[in-house]
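Structural characterization, general
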Amino acid sequence: MIAFIVNPAAGNGKAYKMIPKIEKYMNEKNIKYKFFITKYPGHGTVLAREAIKDDFEIVVAVGGDGTVHEVINGIRDSNVALGIIPLGTGNDFARYFRIPKDVYKALEILLMKNTKFIDSAVINKYITCNNVANIGIDADVAVQVTRFKRFFSGILAYTLSLINVLFKYKPYNVKIDIDGKMIKRKIMLAAFGNCSFYGGGFKILPDANPDDGYLDVIIVNEISKFKLLFLLPMAIFGKHTSLKCVETYKAEKIHIDAEKELALCVDGEVILSNTIVLNVKRNSVKICTN
Ligand SMILES: Nc1ncnc2c1ncn2[C@@H]1O[C@H](COP(=O)(O)OP(=O)(O)OP(=O)(O)O)[C@@H](O)[C@H]1O
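Per an unreviewed UniProt entry, the chain is named DAGKc domain-containing protein, and its organism is Thermoanaerobacterium xylanolyticum. The UniProt entry for the chain carries this comment under Cofactor (unreviewed entry): "Mg(2+)".

1. Let's talk about the overall build of the chain
Across its full length, the chain holds nine helices and 15 strands. Taken over C-alpha atoms, the radius of gyration comes to 19 Å for the chain, in line with the 19 Å a tight globule of 290 residues would show. Along the longest, intermediate and shortest principal axes, the C-alpha atoms of the chain span 60 × 45 × 30 Å. Sorting the 290 residues of the chain into buried and exposed places 54% on the buried side. With the model as given, the accessible surface of the chain reaches about 13,800 Å², and the carbon-plus-sulfur share is 54%. Of the side chains in the chain, 39 bear a positive and 29 a negative charge, and the two mean positions are spaced by 4 Å.

2. Brief notes about the side chain of asparagine 131
As for its placement among the helices and strands, asparagine 131 is situated in the loop between strand 6 (127–129) and strand 7 (132–136). One polar contact links the side chain of asparagine 131 to the main-chain carbonyl oxygen of phenylalanine 197, over a distance of 2.9 Å. Not counting residues up to four positions away in its chain, the partners in contact with asparagine 131 are Asp92, Phe93, Phe192, Gly193, Asn194, Cys195, Ser196, Phe197 and Asp267.

3. Digging into the packing of aromatic side chains
One pair of aromatic rings is described through two measures. These are the centre distance and the angle between the planes. Within the structure shown, the criterion is met by nine aromatic pairs. With centroids separated by 5.1 Å and ring planes inclined at 75°, the aromatic side chains of tyrosine 96 and phenylalanine 97 adopt a geometry described as edge-to-face. For phenylalanine 97, a relative accessible area of 7% translates into the label buried. Linked through ring pairs, Phe4, Tyr33 and Phe35 together constitute an aromatic cluster. One residue, arginine 95, lies across the ring of phenylalanine 197, its end atom 5.8 Å from the ring centre.

4. Comments concerning the site of the ligand
Lining the immediate surroundings of the ligand are 21 residues, of which Thr38, Thr67, Glu70, Thr89 and Gly90 lie closest. Between glycine 90 and the ligand, the recorded distance is 2.7 Å, taken from a backbone N or O atom to an oxygen atom. If the ligand stood free it would expose 630 Å²; the protein chains cover 75% of that surface. When residues in the shell around the ligand are grouped by element, the largest group, four residues, is from helix 4 (residues 65–75).

5. So, the pairing of strand 14 (residues 253–266)
Summarising the sheet, strand 7 and strand 14 pair through three bridges and their orientation is antiparallel. Looking at strand 14, one finds that isoleucine 135 is bridged to leucine 264. Summarising the sheet, strand 8 (residues 172–178) and strand 14 pair through five bridges and their orientation is antiparallel. When the bridges of strand 14 are listed, lysine 175 appears paired with aspartate 257. Hairpin geometry of strand 14 and strand 15 (residues 269–288) is characterised by an intervening segment of two residues between the two adjacent antiparallel strands and by a positive phi of about 50° at aspartate 267.

6. Considerations on the pairing of strand 4 (residues 81–86)
Most of strand 4 is tucked away: six of the six residues are buried. Burial of strand 4 is two-sided: the residues Ala81, Gly83 and Ile85 facing one way and the residues Leu82, Ile84 and Pro86 facing the other way are all buried. Pairing analysis gives six bridges linking strand 3 (residues 58–63) to strand 4, with the strands arranged parallel. Note on strand 4: the bridge partner recorded for valine 59 is leucine 82. At this point the chain moves from strand 3, through helix 4, to the parallel strand 4, and the crossover so formed is right-handed. The pairing of strand 4 with strand 15 spans two bridges and is classified as parallel. If you follow leucine 82 over to strand 15, its bridge partner there is isoleucine 287.

7. Describing the nonpolar core
One finds Ile123, Ile135, Ile219, Ile254, Ile256 and Leu278 to be the most contacted residues of the largest nonpolar core, which totals 49 residues. Dropping the residues within four chain positions of it, isoleucine 256 is found in contact with Ile135, Val174, Lys175, Ile176, Phe192, Asn274, Thr275, Ile276 and Leu278. In this structure, Val68, Ile84, Leu87 and Phe97 belong to the second largest nonpolar core, which totals 46 residues.

8. Some words on a nonpolar patch on the surface
Taken together, Phe151, Phe152 and Leu156 make up a surface patch of nonpolar side chains, about 320 Å² in accessible area. Along the chain, phenylalanine 152 falls in the loop between helix 7 (137–148) and helix 8 (154–168).

So, how was this worked out
Residues numbered from 1 in each chain as written. Predicted model: local features only at pLDDT ≥ 70, side-chain atom pairs only at ≥ 80, totals over all residues. Heavy atoms only, no water. UniProt positions renumbered as here; feature names shortened; annotations may be inferred. Helix = DSSP H or I, 4+ residues; strand = E, 2+ residues; numbered from the N terminus. Rg over C-alpha atoms; globule rule 2.2 N^0.38 Å. Buried < 20%, exposed > 50% of the residue type's maximum accessible area, 1.4 Å probe, protein only. Areas by Shrake-Rupley, 256 points an atom, 1.4 Å probe, with all protein chains shown as cover. Lys, Arg positive; Asp, Glu negative; His and termini not counted. Charge placed at Lys NZ, Arg CZ, Asp CG, Glu CD. Polar contact = N/O pair within 3.5 Å; in protein donor to acceptor, adjacent residues only side chain to side chain. Contact = heavy atoms within 4.5 Å. Phe/Tyr/Trp six-rings, centres within 6.5 Å; stacked < 30°, edge-to-face > 60°. Lys NZ or Arg CZ within 6 Å of the ring centre and 35° of its normal. Near = heavy atom within 4 Å. Pairing = 2+ DSSP bridges. Right-handed = clockwise from strand over helix to strand, strands pointing away. Core = buried A, V, L, I, M, F, W, Y, C linked by side-chain atoms within 4.5 Å. Patch = residues over 30% accessible without salt bridge, like charges linked within 9 Å, V, L, I, M, F, W, Y side chains within 5 Å. Salt bridge = Lys/Arg side-chain N within 4 Å of Asp/Glu carboxyl O.

Structure representation (structure tokens):
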């Protein structure tokens, strides 16, 4: 039995519109399924927990990275597999696993029942992150986008946020303990995670491997905002790691202390904290892959 958790807000309504296509395919294949529609942010986690109790074998996130994040936080540490139909805006987690955006092709992957276990990052003991967590200028932009979205539409909200943050941004002073090695840095941004992509296609952690037992770490040290504008396009291809201002690590445990409260983006969702602890949890999420 397959549970589909559909986020009507994902991909500007694209996920919700695809329900009839999914229904048609599942009926043709004569496979039992049930739809759960999220009603508010965070509801995907609640619904995924319900689906586990109802003996579904696969719980499918129908939406973008936010939906995947919520579903994973509901099914973690169970034997239930995560399926993905990438119908969000960015779909960065699905991009890593090459799950097609075509609904029928994504459904075919689910029915192959080819599964594997991947690692998670457990953040501050309670949030499970399977893609990328990040702090610094890009996380601050994410906070601003949420504010500007109340008044402006997508791209305009993003552009205004970027300009606003770029002008004001002062590199954060942080202490980062990476598997016992303490470093102090003034950062433009830092990212931690299991997979490579964020921000709708930036290959920020090019060497990430979700089943190697480590979290990848990247730190971009203080540089001029002008240089940062050159670094960002390089990150689309994962070529930024060769720059002098960029440090990379692999670690099992990371502890970050900042002088003031930081925005931390976890799989695209923002939380605020001045202490961030990330621990790798091996083989904690089962996913359907091709
Ligand atoms: N019924 C709902 N109404 C409003 N927001 C919702 C609802 N259900 C879930 N959400 C929220 O919608 C947000 C966006 O979802 P999601 O990230 O899947 O789509 P997206 O932003 O289009 O894609 P991506 O993150 O891949 O760019 C999530 O933060 C989620 O918590």
